[in-house]
Structures are given as C-alpha cells and as structure tokens.
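Examination of the molecular architecture
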Amino acid sequence: MKRDSNNVLVLSLSAASVLTLLGMTAMVTSRPEISVAQTQISRASAKPLAKELQGKPVVVDIYASWCPGCKNIAPTMSSLKQKYQGKVNFVVFDVSDRATTQASEAKAQKLGLADFLAANKAQTSLVAIIDPATGKVLQQFRNNPDKDDYVTVLERAIAQMKK
C-alpha cells in the first residue's frame, strides 16, 4: 500500500513539473485570474472603444452554450447585470458555433473590440473588465463565479471614471 501512495505522489509531482515546463501553471492555480502573458496580448492592441461604450466600464463575456465554465459563471454574470444596470456596459460574445461567432465578430468590430475577440475567442468563460476610454483590460477572469472579485474591480473603475 505504501508503494502505491509513493507512485501516486511521483505521478502528481511529474504532472505538475510537466505543466510548469509547458507554462500551464495558470490552469492549475487556485485563483481563476488570467495569466499576465494573456493579459499583455490583449493590452498590446488597446485603443478606445466605440462611442456607445464610453463613460462606463465594459464587462466582456466570452460565452458558448456548450461551455461548462460559462454555465458556472452565469448566475454571477446575471447578478452583476442586475446590480450594475445603467452603471456598466455588458457585452457578450457568443462563440457557440460558426454563425454566432461570425455575429460576435461583427459586433466586436462595431464596438472596437475586434482585436480583443480575435485574441480571446477560444477562451470561453473568460470575463474581462475594460476601460472604454483606453481599451485597456483592467482585469480578466476565467471561470470565476466569485462575485466579489468582479465587484472590487468594477467599483474601482466606476469611481475612477467619475473623476
């Protein structure tokens, strides 16, 4: 029995080592925030968003109907939409299939979020909070149902925009 538990420990450590070597540690951390590298990719093409999004923080949700993470965060997103109605712009990009992805790409183009969607459309259950004046990503989360994490960033962004 002791030999079996040692084998499991070795396998676990080996798997963690492989993930670390592949740079996939963000996928196994306890916090569902997006890695710095992914955020920098999104910030690289930051520019002001469409006029209709100005004056309020923008919450962008990359959604797919088949995505378990999207279903996990749906109650949180619904609650945030109710809490911040009129104070925050919510944008959902549906990438469930080819037709909805094409519609989302057209919507993203119109809103000044085409580069963001192109860089992140494979990241279902990703939610980004963006400053519309600069197009910079303030925070990104992936499969994070913790409402307080979003509230902290949104409250700070709303206060900053009032200045």
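Residues numbered from 1 in each chain as written. Predicted model: local features only at pLDDT ≥ 70, side-chain atom pairs only at ≥ 80, totals over all residues. Heavy atoms only, no water.

1. Overview of the overall build of the protein
When helices and strands are tallied, the protein shows six helices and four strands. If you list the helices and strands of the protein from N to C, you get α-α-β-α-β-α-α-β-β-α. When contacts within the protein are restricted to residue pairs at least 6 apart in sequence, long-range pairs at least 24 apart make up 69% of them. (Helix = DSSP H or I, 4+ residues; strand = E, 2+ residues; numbered from the N terminus. Contact = heavy atoms within 4.5 Å.)

2. Observations regarding the pairing of strand β3 (residues 126-130)
Consecutive residues of a regular strand have side chains that alternate between opposite faces of the sheet. Burial runs high along β3: five of the five residues are buried. Here β3 shows no split at all, with Leu126, Ala128 and Ile130 on one side and Val127 and Ile129 on the other all buried. Pairing of strand β1 (residues 58-63) with β3, which is carried by five bridges, proceeds in the antiparallel orientation. Of the residues in β3, the one forming a bridge with Asp61 is Val127. Across five bridges, the pairing between β3 and strand β4 (residues 137-142) is antiparallel. Pairing of Ile130 across the sheet is with Val137, part of β4. (Buried < 20%, exposed > 50% of the residue type's maximum accessible area, 1.4 Å probe, protein only. Pairing = 2+ DSSP bridges.)

3. Topic: the side chain of Asn89
With respect to the secondary-structure elements, Asn89 resides in strand β2 (residues 89-94). If near-sequence neighbours (up to four positions away) are discounted, Asn89 is found in contact with Glu52, Leu53, Lys56, Pro57, Val58 and Val59.

4. Here we look at the confidence of the model for the protein
Chain-level statistics for the protein give a pLDDT mean of 82 and a share of 72% at 70 or above. Note on residues 5-32: pLDDT is under 50 here. Beyond four places in sequence and across chains, it has 10 contacts. Across residues 34-43 the pLDDT falls below 50, and counting only partners more than four positions away or on other chains, this stretch makes 16 contacts in the model. (pLDDT = per-residue confidence, 0-100.)

5. Some thoughts on the sheet that holds β4
Spatially, four strands are ordered β2-β1-β3-β4 in an open sheet, and the strand pairing comes out mixed. If you trace the sheet from one side to the other, it starts and ends with β2 and β4, each paired once. Mean inter-strand twist for the sheet, computed between neighbouring axes without regard to direction, equals 15°. The pairing of β1 with β2 spans six bridges and is parallel. Counterpart to Tyr63 in the pairing with β2 is Asp94. Sheet strands touched by helix α3 (residues 68-83): β1, β2 and β3. Its angle to β1, the strand with the most contacts, is close to 155°. Sheet contacts for helix α6 (residues 147-162): β1, β3 and β4; angle to β4, the most-contacted strand, approximately 170°. (Axes fitted to C-alpha atoms, helices over the stretch in contact; angles between N-to-C directions.)

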